[in-house]
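# A closer look at the structure
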Amino acid sequence: MVKPAAEVMREAIVAAVIDGVSALRTASGGVPNTLLRDLNAIHPNTTFDDLPQALQASILASVRAAFTRLQKEGYTVLNPDLAPPPRRPQQPQPSGPRGPGGPRGAPRPGQPRRPRPQGKPSR
């Protein structure tokens, strides 16, 4: 039975979080203050380069493992360099005549004016 991609990714993310916490513990050397300092240094604006080296290595290994697991489960993981560029949606084409006057307005430039029907006063 094939697992849904969301379930495979959820399992991969949980494993990555557990591996990351273990990497932070290992990097602290068993010193609680160092572990707390490393945890407190992580915030929403933290970049990958700001993370401790052990955590960076753990994240890279988890990403590789997640992609490998997706491929083993039968999902295709595309290389963005080999994938075709995404198609842009086309703008809907108007069905009516174009121009400032529309169907009852002034004629388009370069076209002769129609004569007015008899009996209607001109403005």
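A few points on the structure. From a predicted model like this one, the values you see are computed outputs, not experimental measurements.

## Section: the overall build of the protein
Scanning the protein from terminus to terminus reveals three helices and zero strands. Within the protein, the fraction of its 123 residues that count as buried is 12%. Taking the contacts inside the protein whose residues are at least 6 apart along the sequence as the reference set, 50% of them involve residues at least 24 apart. By element, 57% of the accessible surface of the protein is carried by carbon and sulfur atoms, the whole surface being about 10,900 Å².

## Thoughts on the environment of aspartate 38
Mapping aspartate 38 onto the fold places it in helix H2 (residues 32-40). In the structure, aspartate 38 is positioned 10 residues away from serine 28 in sequence and 8.0 Å away in space, judged by C-alpha atoms. In this structure, aspartate 38 is in contact with Leu24 and Pro52, ignoring residues within four places of it in sequence. Only 3.3 Å separates the side chain of aspartate 38 from the side chain of arginine 37, close enough to count as a polar contact.

## Re the environment of leucine 24
Looking at where leucine 24 falls in the secondary structure, it is placed in helix H1 (residues 5-28). Considered as a pair, leucine 24 and serine 58 are 34 residues apart in the sequence and their alpha carbons are 9.3 Å apart.

## Some points on the packing of H1 against H2
Following both chains from N to C, one finds H1 and H2 inclined at 130°, their axes separated by 8 Å at the closest point. Classified by the interaxial angle, the pair formed by H1 and H2 is oblique. H2 is crossed by H1, and the crossing has right-handed handedness. Where H1 approaches H2, its residues Leu24, Arg25 and Ser28 are matched on the opposing element by Thr34, Leu35, Asp38 and Leu39. Split into classes, the residues belonging to the contact of H1 with H2 amount to three nonpolar, two polar and two charged.

## Some details on a nonpolar patch on the surface
Together, Phe48, Ile59, Leu60, Val63 and Phe67 make up a nonpolar patch on the protein surface, roughly 390 Å² of accessible area in all. Turning to its location among the elements, valine 63 is positioned in helix H3 (residues 53-72).

## Description of H3
With 20 residues, H3 should reach 28 Å at 1.5 Å per residue; the first-to-last C-alpha distance of 29 Å fits that figure. Taken as a whole, H3 has its buried residues at Leu55, Gln56, Ser58, Ser62, Ala66 and Leu70. Projected onto a plane normal to the axis of H3, the buried residues spread over an arc of 160° and lie on a single side. Exposed side of H3, more than 90 degrees from the buried face: Gln53, Arg64 and Lys72 are the residues found there.

Cut-off values and rules
- Residues numbered from 1 in each chain as written.
- Predicted model: local features only at pLDDT ≥ 70, side-chain atom pairs only at ≥ 80, totals over all residues.
- Heavy atoms only, no water.
- Helix = DSSP H or I, 4+ residues; strand = E, 2+ residues; numbered from the N terminus.
- Buried < 20%, exposed > 50% of the residue type's maximum accessible area, 1.4 Å probe, protein only.
- Contact = heavy atoms within 4.5 Å.
- Areas by Shrake-Rupley, 256 points an atom, 1.4 Å probe, with all protein chains shown as cover.
- Polar contact = N/O pair within 3.5 Å; in protein donor to acceptor, adjacent residues only side chain to side chain.
- Axes fitted to C-alpha atoms, helices over the stretch in contact; angles between N-to-C directions.
- Parallel < 35°, antiparallel > 145°, perpendicular 65-115°, else oblique.
- Left-handed = near helix turned anticlockwise from the far one by under 90°.
- Nonpolar A, V, L, I, M, F, W, Y, C, P; charged D, E, K, R; others polar.
- Patch = residues over 30% accessible without salt bridge, like charges linked within 9 Å, V, L, I, M, F, W, Y side chains within 5 Å.
- Salt bridge = Lys/Arg side-chain N within 4 Å of Asp/Glu carboxyl O.
- Expected span 1.5 Å × (residues − 1).
- Arc of directions from axis to C-beta.

Keep in mind these values describe shape, not function.
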